[in-house]
Each structure stands twice: as C-alpha cells, then as structure tokens.
Amino acid sequence: MVLQLLLSSPKPILRFGAVRALNSIAIHDPATVAVCNVELESLVADSNRAISTLAVTTLLRTGGESSVDRLIQQISSLFAGLQVRLYKILYFSILIMSKILG
C-alpha cells in the first residue's frame, strides 16, 4: 500500500497526507486501514501535532480493545511532555467522541 510507505516519509506533508487519507478511509472501511496500525502507532509521538492527532483518531477507528488500551497509555505518556493545555483537551475530546461514535 502506497499510503503505508508514505507514513514513514521524512517529509511531514507526505506523512500528514497519508494519515489524512487513511483516516477518511477508516470511516468506511476500518479493516482495510488496520494493516497500517503499526506505522500509525509510531506517528502518535510525531512532533507535528496535526499528524499525531490524526494518527490517534485513525487508530481509535481501526483498533480493537487491546490496541485502544495501549493507545491510551501512549497518549498518557505524551501528556508529560505537553506544555499546552489545549492539546490535552483535544486528545481527551477525541477519545471521548471516538468511544461514543465508535
């Protein structure tokens, strides 16, 4: 899958485009996107917050219960490094909405 290769690109715009496309696909066909979960998990800690946020929402759509638990642990560890409260609120909002809609 070409998008899977773009997830590991050194260029942020290519990573963002790939995650955004996968996020859109995951809405209708999460099983197809699930093959990219390993690459998406590595993007949760991306320095670009837009990429990491999209990676989180995509993983919440495609993952099972165990992967969601692992994702929540990863996000919690990231909060230690976040100084901006807005991102914390955004992540929790995403988690709550994904649980409600998912």
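Residues numbered from 1 in each chain as written. Predicted model: local features only at pLDDT ≥ 70, side-chain atom pairs only at ≥ 80, totals over all residues. Heavy atoms only, no water.

Draft legend 1. The arrangement of the overall build of the protein in detail. A tally of regular secondary structure across the protein gives seven helices and zero strands. For the protein, the N- to C-terminal ordering of α and β elements is α-α-α-α-α-α-α. Considering the protein as a whole, with its 102 residues, one finds that 35% of them fall into the buried category. Expressed as a percentage of contacts within the protein between residues at least 6 apart in sequence, the contacts between residues at least 24 apart total 56%. If you sum the accessible surface of the protein, you get close to 6,000 Å²; carbon and sulfur atoms cover 62% of it. (Helix = DSSP H or I, 4+ residues; strand = E, 2+ residues; numbered from the N terminus. Buried < 20%, exposed > 50% of the residue type's maximum accessible area, 1.4 Å probe, protein only. Contact = heavy atoms within 4.5 Å. Areas by Shrake-Rupley, 256 points an atom, 1.4 Å probe, with all protein chains shown as cover.)

Draft legend 2. Quick look at the side chain of Ser52. Summarising the element assignment, Ser52 is placed in helix H5 (residues 49-62). Here Arg49 takes part through its backbone oxygen, which lies 3.1 Å from a polar atom of the side chain of Ser52. With residues up to four places along the chain from it excluded, the contact list for Ser52 reads Leu43, Val44, Asp46 and Tyr91. (Polar contact = N/O pair within 3.5 Å; in protein donor to acceptor, adjacent residues only side chain to side chain.)

Draft legend 3. Looking closely at the nonpolar core. If you look at the biggest cluster of nonpolar residues, it comprises 22 residues, and the most contacted ones within it are Leu7, Val19, Leu40, Val56, Leu60 and Leu71. Those elements that place two or more of their residues in this core are helix H2 (12-28), helix H4 (37-43), H5, helix H6 (65-79) and helix H7 (85-101). If one sorts the elements of this core by residue count, H5 sits on top with six residues. In contact with Leu60, other than residues within four places in its own chain, are Val68, Leu71, Ile94, Leu95 and Ser98. (Core = buried A, V, L, I, M, F, W, Y, C linked by side-chain atoms within 4.5 Å.)

Draft legend 4. View of the pattern of salt bridges. For the structure shown, the criterion picks out one salt bridge. One salt bridge connects Arg15 with Asp46, and the closest N-O pair in it is separated by 3.0 Å. Taken together, the residues span a long stretch of sequence, with Arg15 in helix H2 and Asp46 in the loop between H4 and H5 at a distance of 31 residues. Each member of the pair, Arg15 as well as Asp46, carries the same accessibility label: buried. (Salt bridge = Lys/Arg side-chain N within 4 Å of Asp/Glu carboxyl O.)

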